[in-house]
Amino acid sequence: MFCSCLGKQAPYSENDFQVDPSEGFGPSKLGVRTTVDEPLSASQAIEVLQAGNRRFVQGDAKAGGFDQRARRALASHGQRPVATVIGCADSRCPVEQLFDARPGDIFVLRNAGNTCTHAEGSMVGSVEYSVAVLEAKMILVLGHTGCGAIMGATKLFLERSAQKHIEATCQKDAQETTDQSTEGSESDKSRSTLLGLLDALVPVAEQACVQLGAGSSTEEIAAHAVKVNVWRTINFLLSYSLIIREKVASGEVELQGAIYNMSSGAVDFLGKSPKQAQLLNYDGHVVPSMGGPIRQVS
Ligand SMILES: [Zn+2]
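Residues numbered from 1 in each chain as written. Predicted model: local features only at pLDDT ≥ 70, side-chain atom pairs only at ≥ 80, totals over all residues.

### Looking at the overall build of the chain
Put simply, the test is: Here a strand is any run of E in DSSP of at least two residues, a helix any run of H or I of at least four, and the numbering for each starts at the N terminus. Throughout, a pair of residues is in contact if the C-beta atoms placed from their backbones lie within 7 Å.
Counting secondary structure elements, the chain contains 11 helices and 5 strands. Long-range contacts, defined here as pairs at least 24 residues apart, represent 72% of the contacts in the chain between residues at least 6 apart.

In structure tokens form, the structure reads like this:
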């Protein structure tokens, strides 16, 4: 069912490699995380991620010493990642580096805005693979400060809000303005996939704006929207994956949020979604793009 390159299993031989595991990312028999290692619990995974981020912040990273023996161990014995992380594609947010991890240590999924609004089937399916096959017990959705995707969505939301305000206060020109707006932003010629991505993140900016109240600046709304977006991605995973939902409900897997501060290098761990208990009663099992029912997830 799954590509063998993702989960190759092989018998462990004590004589294969003699590697000092003391410098590894979490406990490992071969110096790197492979299928000969036991899965880490969610709490153990968080401790390992936090320790790795501390090393990164302090400029004391250990992960640079990845050598031929480590590559051979991973190639021969498959992967047993400590955690699954959904992060932003922003080049300033390389997930492995900011947790001082090596190949095989973290199962990483990235896209612009660390979101499940597009290609959600591949995102959710990949997370399901990481927990069901690779036995990752911690799923971390990682937003970051200064996110360009979130800022873009925030500006789009504010532009549309301003447009609606103009339309509401200038009844005489309302219809004409609406027509021009439709021509300018929604036509086939001007519409891009990027606009579609930002458009899907507009509800995040809107929710952030509502929560902050009137008078907030664009930067303040975008900064808060980063956190709203983390919860939204988590809530989407809980809503549309029966596998994830059941494992979270049983306590086997934890789904948490975090925000990476690009200036300090520190990751702020946010814990579980405020809506987790509510969403554990959801009944979705397939994302809408893969044939599942469409519901509002916030
Ligand atoms: Zn970003």
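Next comes the rest of the description.
### Examining the UniProt feature "binding site: Zn(2+)" (unreviewed entry) in the chain
Operational definition: UniProt positions are given in the numbering used here, feature names are shortened, and annotations may be inferred rather than shown by experiment. Three exposure classes are used. Buried residues have 20 or more other C-beta atoms within 10 Å of their own C-beta, exposed residues have 12 or fewer, and partly exposed residues fall in between, all C-beta atoms being placed from the backbone.
Those places that UniProt annotates as "binding site: Zn(2+)" (unreviewed entry) correspond, in this numbering, to Cys-88, Asp-90, His-144 and Cys-147. Across 60 residues in sequence, these annotated residues keep their C-alpha atoms within 9.1 Å of one another, forming a single compact spot. By secondary structure assignment, the location of Cys-88 is in strand E1 (residues 83-88). Given 24 C-beta atoms within a 10 Å radius, Cys-88 is considered buried. Excluding its chain neighbours within four sequence positions, the residues that come into contact with Cys-88 are Cys-93, Arg-110, Ala-112, Gly-113, Asn-114, Gly-143, His-144, Cys-147 and Ala-149. Counting through the fold element by element, Asp-90 comes out in the loop between E1 and helix H4 (95-98). Overall, the presence of 18 C-beta atoms within 10 Å leaves Asp-90 in the partly exposed class. For Asp-90, the residues in contact, after removing those within four places along its chain, are His-144, Cys-147 and Gly-148.

### What to know about the nonpolar core
Heads up, the condition is: As used here, a nonpolar core is made of buried Ala, Val, Leu, Ile, Met, Phe, Trp, Tyr and Cys residues. They are joined through C-beta atoms within 7 Å. Where each domain begins and ends follows an automated or database-derived domain assignment.
Counting residues in each nonpolar core, the largest one holds 68 residues, and the members touching the most others are Ile-150, Ala-205 and Leu-237. For this core, the element with the most residues is helix H9 (residues 218-240), which contributes 13 residues. Counting contributing residues, this core receives three or more from each of domain 1 (22-147 + 240-290) and domain 2 (148-222). Filtering out sequence-adjacent residues up to four positions away, Ala-205 remains in contact with Ala-153, Thr-154, Phe-157, Ile-221 and Ala-225. Leu-30, Val-32, Val-36 and Ala-73 belong to the second largest nonpolar core, which has 6 residues in total.

### Regarding unusual backbone geometry
In the Ramachandran plot, Asp-100 falls in the positive-phi region, its phi being about 50° despite a non-glycine side chain. You can see Asp-100 is positioned in the loop between H4 and strand E2 (106-111). According to the C-beta neighbour criterion, Asp-100 is buried, with 23 such atoms within 10 Å. Despite not being glycine, Ala-119 has its phi angle at roughly 50°, a positive value. Of note, Ala-119 is situated in the loop between E2 and helix H5 (120-132).

### Considering the environment of Cys-93
Examined against the element boundaries, Cys-93 turns out to sit in the loop between E1 and H4. Residue Cys-93 is classed as buried on the basis of its C-beta count, with 20 C-beta atoms lying within 10 Å. The spacing of Cys-93 and Arg-110 is 17 residues in sequence and 9.7 Å in space, taken between C-alpha atoms.

### Considerations on the packing of helix H8 (residues 193-212) against H9
What counts is decided by this rule: With axes taken as lines fitted to C-alpha atoms, and helix axes fitted only over the stretch in contact, angles between N-to-C directions fall between 0 and 180 degrees. Note: crossing handedness is left-handed where the near helix turns anticlockwise from the far helix by less than a right angle, and right-handed where it turns clockwise. Under this grouping Gly is polar, as are all residues other than the nonpolar Ala, Val, Leu, Ile, Met, Phe, Trp, Tyr, Cys and Pro and the charged Asp, Glu, Lys and Arg.
Two elements in contact, H8 and H9, have axes whose closest approach is 8 Å; the angle formed by their N-to-C orientations is 115°. Every pair of crossing elements has a handedness; the one defined by H8 and H9 is right-handed. Of the residues in H9, those touching H8 at Leu-201, Val-204, Ala-205, Gln-207, Ala-208, Cys-209, Gln-211 and Leu-212 are Glu-220, Ile-221, His-224, Ala-225, Val-228, Asn-229 and Arg-232. Residues that form the contact of H8 with H9 fall into these classes: 9 nonpolar, 4 polar and 2 charged.

### Points about the sheet that holds E1
Condition: Pairs of strands are assigned from DSSP output, requiring at least two bridges between the strands.
Strand order in the open sheet formed by 5 strands is E2-E1-E3-E4-E5, and the pairing between neighbours is mixed. Every other strand in the sheet has two partners, leaving E2 and strand E5 (267-272) as the edge strands with one partner each. Neighbouring strand axes in the sheet, compared pairwise and without regard to direction, differ in orientation by 25° on average. Strand direction decides the pairing type here: strand E3 (residues 138-144) and strand E4 (residues 254-260), joined by 7 bridges, are parallel.

### Points about the environment of Ser-122
Relative to the helices and strands, Ser-122 resides in helix H5. Residue classification places Ser-122 among the partly exposed residues on the basis of 15 C-beta atoms within 10 Å. C-alpha separation for the pair Ser-122 and Val-287, spaced 165 residues apart in sequence, amounts to 9.7 Å.

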